[in-house]
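Working through the structure, step by step
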Amino acid sequence: MHYSLGLSLFSLCILTGCGGSKNSTLPLERETDDHNQYVLNVTTSGDFETVSLQWMGHNETLSAEQDYQFTQAGKQFKAPDIKVSSIATQCDSEIKESEKHTYELTVNCVTSQVKVHADIGPAYGLDIRYGDTVHPFNSETIVFDYQPGIVPKVADLQGPQTCTLAEKLSGLEYQLACESFTVSLLGRKLAISRDNQAPKIVWENANKRLIRQGYEWFDEGVWFSSWDENVHMVHKLEFENGQPMGVVNFSFDAYTVKANKGKLYALSSPVGSDANQIAQFVDGQWETVAIYDDMKISGGFSQNNEDLYFNLNKDAGGHALGQIKDSGYIYPKVISEQIDVPSLLPAFNYDGRNYFAGYTQQGNLLVNYLDTVLPYRDEAVFEYENVGDVTLWEDSQQNQYLFYLQNNQAKQFNVKINGVEGTVALDLDELNSEPVNWLGGDLTTLLAGTANEGDEFGRLSYIKSGDVAINLAGLKARLVTDKDIYVVLPNWRNQDLYFPQNHSKVSTQVVAQGGYLLGYVGDTSSTNATGELWLLSAHDAHKVFSGVLWHNYLDNEYYIDAVSEHHVVVQGTGSEMMAISIDTQ
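Conventions adopted
Residues numbered from 1 in each chain as written. Predicted model: local features only at pLDDT ≥ 70, side-chain atom pairs only at ≥ 80, totals over all residues. Heavy atoms only, no water. Helix = DSSP H or I, 4+ residues; strand = E, 2+ residues; numbered from the N terminus. Rg over C-alpha atoms; globule rule 2.2 N^0.38 Å. Buried < 20%, exposed > 50% of the residue type's maximum accessible area, 1.4 Å probe, protein only. Contact = heavy atoms within 4.5 Å. Areas by Shrake-Rupley, 256 points an atom, 1.4 Å probe, with all protein chains shown as cover. Lys, Arg positive; Asp, Glu negative; His and termini not counted. Charge placed at Lys NZ, Arg CZ, Asp CG, Glu CD. Pairing = 2+ DSSP bridges. Axes fitted to C-alpha atoms, helices over the stretch in contact; angles between N-to-C directions. Arc of directions from axis to C-beta. Core = buried A, V, L, I, M, F, W, Y, C linked by side-chain atoms within 4.5 Å. Polar contact = N/O pair within 3.5 Å; in protein donor to acceptor, adjacent residues only side chain to side chain. Phe/Tyr/Trp six-rings, centres within 6.5 Å; stacked < 30°, edge-to-face > 60°. Disulfide = S-S within 2.5 Å. pLDDT = per-residue confidence, 0-100. Salt bridge = Lys/Arg side-chain N within 4 Å of Asp/Glu carboxyl O.

To continue, consider the overall build of the protein. A count of helices and strands for the protein gives four helices and 53 strands. Taking 25 Å as the expected radius of gyration for a compact globule of 585 residues, we find that the protein reaches 35 Å, considerably beyond that expectation. Buried positions account for 51% of the 585 residues belonging to the protein. Considering only contacts within the protein whose residues lie at least 6 apart along the sequence, 47% involve residues at least 24 apart. Just so you have it, the protein exposes about 27,300 Å², and 45% of that area is on carbon and sulfur atoms. Measuring between centres, the 38 positive side-chain charges of the protein sit 2 Å from its 76 negative side-chain charges.

Okay, here's the thing in structure tokens:
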């Protein structure tokens, strides 16, 4: 016989003769005019705090693992009733008559636990908070001891996702459902985007500030910066219980923010001011990490895996390289005095040694050996003339290579140490099987292609990422086309990856973002010709838009707005936007 949720079926069972168990029945007593003395012995067991017993005028509180005896005179024995004070307490009971007018009642009660589960685990880590108790959710069911009046909440989101907790059993069972998203722009409004869903505006941006690209997840929120009237501002889109709650503004003039190993950094170089600093967000406010009285920050952060770099111009002439490595700030390292214009490429590690690329006033490529050699020493620098595009690429063994274009041939930077040639990244013969007019990509991806002199577009012919390489024939087969695949030169004009005050050089015409770039396949016979827009990488291809006007593509009206672990957001003309789901495995 069961007693739970404060409901009693016991009296009904007694009067109808259903019994306390499958193997016993309790005979009914005929009501008489005489009063009898009834005895009720109660034995409790289980794991619970208290339940209440109501029996023939008695209102008693029962605790676990106790024995009780109650007596009462009456004309007829009446069934006891067990009342629970919590929806989490469930009781089983059995009663039998041991001798005339004496009854034995056994009560076993347990307190249920609150369960949280998910059919599909979240894309990023998170915690579930229940009262003062917090458990990490790792896709397996987690339980809490029941507390009246408490409901579980989502806490400490560790990546861009929204989550809900649906109540499946009142107060006792909840189902977690999460969806990852990517932050993007919708005009001058901030939106969160998912594949096959319309973007959801999360910040109206009433003052119409120019939102800079580059959105960072830190401290359970999305951080970004904006610009208006020569003043920058930092913002945070906050989340509570798995949902976006609103944007908090910080009156800190920083034009870029970057999360790195559990810390958030910002670069500040206010227009018309000599105040240059790198700052870190600590305990709810921005704290200065370093102020540069004799140098000016000349660009945003560049990233090489988990290391951050930024360029500085020395007031006395020359340049320095700011560094955040191994989760710590390193005072800027002076680079070779022969470098007149730093590259916006990050420092790179080739065969265990660190290098940095820059240029002379004449445009010659300089590669500066950064380890131990003094900046004014000529042997610290390797110089190459008549160089075009320059890009970095990392192989599957995390060795990093610098490629450059010279006389329509792709070449690799190679250093001989103690008579031993440096590591060769790949056989360049396939890449150079036809003239190469441009190189590009990012650290994850190497791109190459052809172009006619003076054209504002090129043809993609090669993509390599890790151990996967695909040539022009493979690309056409993947897209099921016999047409060329076009890219805009340069393809970064409409992207806020670089900063006008940087005095640094973009080293390539074609920039990949997270290993992805956009390609156009279709008619190019006139400005009003149309075709398809594709999102491409070495591993996959996604058709984004059809009916794309050729002249709109050439005008950079289509560009990659944001890349996350699960989505790539592509912006188009007007209000066109598409969030493409990608496989990061």
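Our focus in this paragraph is the sheet that holds strand 12 (residues 133–137). If you walk across this open sheet you meet the three strands as 12-11-14, and the pairing is antiparallel. In the strand order of this sheet, the two ends are held by strand 12 and strand 14 (153–155), each with one partner. Neighbour-to-neighbour, the strand axes of this sheet turn through a mean angle of 35°, independent of strand direction. In terms of strand pairing, strand 11 (residues 126–130) meets strand 12 through five bridges, oriented antiparallel. By the bridge assignment for strand 12, Arg129 is matched with Val134.

Given 3.6 residues to a turn, an α-helix orients residues that are three or four positions apart in the same direction. Residues of helix 3 (residues 472–479) that are buried include every one of Leu475, Lys476 and Leu479, and no others. The buried residues of helix 3 occupy one face: seen down the axis, they fall within an arc of 95°. Set apart from the buried face of helix 3 by more than 90 degrees, the exposed residues are Ala473 and Ala477. In this fold, the buried residues of helix 3 make contact with strand 44 (457–465), strand 45 (468–471), strand 48 (517–522), strand 49 (530–536) and strand 50 (541–549).

Now for the nonpolar core. Core analysis: the largest hydrophobic core is formed by 39 residues, its most contacted members being Leu460, Leu533 and Leu535. Every element with two or more residues in this core is listed here: strand 44, helix 3, strand 46 (486–488), strand 48, strand 49, strand 50, helix 4 (550–554) and strand 52 (567–571). Those residues in contact with Leu460 that lie beyond four places of it in its chain are Trp438, Leu447, Ala448, Gly449, Leu472, Leu475, Ile485, Val487 and Leu536.

Turning next to the pairing of strand 27 (residues 277–282). With five of six residues buried, strand 27 is to be regarded as a mostly interior element. Two strands pair when backbone bridges link them, and strand 26 (residues 263–268) and strand 27 are joined in this way by four bridges, in the antiparallel orientation. Opposite Ser268, over in strand 27, you have Gln277 as the bridge partner. Counted along the chain from strand 27 to the antiparallel partner strand 28 (residues 285–291), the turn is two residues long, and its residue Asp283 has a positive phi close to 50°.

Let us now look at the side chain of Ser537. By the element assignment, Ser537 lies in the loop between strand 49 and strand 50. Looking at Ser537, the relative accessible area reads 4%, which means it is buried. Separated by 3.1 Å, the side chain of Ser537 and the backbone nitrogen of His539 make a polar contact. With residues up to four places along the chain from it excluded, the contact list for Ser537 reads Ile463, Arg478, Gly515 and Tyr516.

Moving on: the packing of aromatic side chains. If you walk through the whole model with that rule in mind, you get 36 aromatic pairs. When the centroid spacing of 5.8 Å and the interplanar angle of 55° are considered together, the rings of Phe545 and Tyr558 count as tilted. One end of the pair, Phe545, is in strand 50; the other, Tyr558, is in the loop between helix 4 and strand 51 (559–563), and 13 residues separate them in sequence. Each member of the pair Phe545 and Tyr558 is classed as buried. Here the aromatic residues Phe348, Tyr350, Tyr355, Tyr369, Phe382, Tyr384, Trp393, Tyr401, Phe403, Tyr404 and Phe413 are joined through ring pairs into a cluster of three or more.

Here we take up the state of the cysteines. If you walk through the whole model with that rule in mind, you get two disulfides. Here Cys91 is linked by a disulfide to Cys109, with a sulfur-sulfur distance of 2.0 Å. The disulfide joining Cys91 to Cys109 has a torsion of about 110° about its S-S bond and is therefore right-handed. Taken as a pair, Cys91 in strand 8 (residues 89–99) and Cys109 in strand 9 (residues 102–111) lie far apart in primary sequence, 18 residues in all. The disulfide partner of Cys163 is Cys178, and the S-S distance across this bridge is 2.1 Å. Across the S-S bond of Cys163 and Cys178 the torsion is about 115°, and the bridge reads as right-handed. Of this pair, Cys163 sits in strand 15 (residues 161–169) while Cys178 sits in strand 16 (residues 173–180), and the two are 15 residues apart along the sequence. The class for Cys163 is buried, based on a relative accessible area of 1%. For the protein, numbering the cysteines in disulfides from first to last along the sequence yields the connectivity 1-2, 3-4.

This part covers the confidence of the model for the protein. With 91% of its residues at a pLDDT of 70 or more, the protein has an overall mean of 88. Confidence over residues 1–28 falls short of pLDDT 50; this stretch has 55 contacts with residues more than four positions distant or in other chains. Note on residues 497–501: pLDDT under 50 across the span, and 14 contacts to partners over four residues away in sequence or across chains.

Before going further, it helps to examine the pattern of salt bridges. Summed over all chains, the structure comprises 11 salt bridges. Note that Lys416 and Glu421 form a salt bridge whose closest N and O atoms lie 3.5 Å from each other. It is possible to trace a salt-bridge network through shared partners that takes in Asp219, Lys236 and Glu238.

Moving on, we come to the pairing of strand 33 (residues 328–334). Relative to strand 33, strand 32 (residues 319–325) runs antiparallel, the two sharing five bridges. Paired with Lys325 across the strands is Gly328, a residue of strand 33. Joining the antiparallel neighbours strand 32 and strand 33 is a turn of two residues, in which Asp326 adopts a positive phi near 55°.

Turning our eyes to something else, we now look at the sheet that holds strand 7 (residues 81–83). Backbone hydrogen bonds are what pair the strands of a sheet, in a parallel or an antiparallel way. Spatially, three strands are ordered 5-4-7 in an open sheet, and the strand pairing comes out antiparallel. Edge positions in the open sheet fall to strand 5 (58–63) and strand 7, since each of these has one partner strand only. For this sheet, the mean inter-axis angle between neighbouring strands, taken without regard to orientation, is 30°. The pairing of strand 4 (residues 50–55) with strand 5 spans six bridges and is antiparallel. Directly across from Ser52, in strand 5, lies its bridge partner Thr61.

One can find Val544 in strand 50. With 12 residues separating them in the primary sequence, Val544 and Glu532 have C-alpha atoms 7.6 Å apart. With near-sequence residues (within four places) excluded, Val544 lies in contact with Leu533, Trp534, Leu535, Val570, Met578 and Ile580.

The next subject is unusual backbone geometry. Between Leu489 and the following residue, Pro490, the backbone shows a cis peptide bond with an omega angle of -15°. In this fold, Pro490 is placed in the loop between strand 46 and strand 47 (510–511). Positioned with a positive phi, Asp351 is a non-glycine residue whose angle comes to about 55°. Within the secondary structure, Asp351 is located in the loop between strand 35 (348–350) and strand 36 (353–359).

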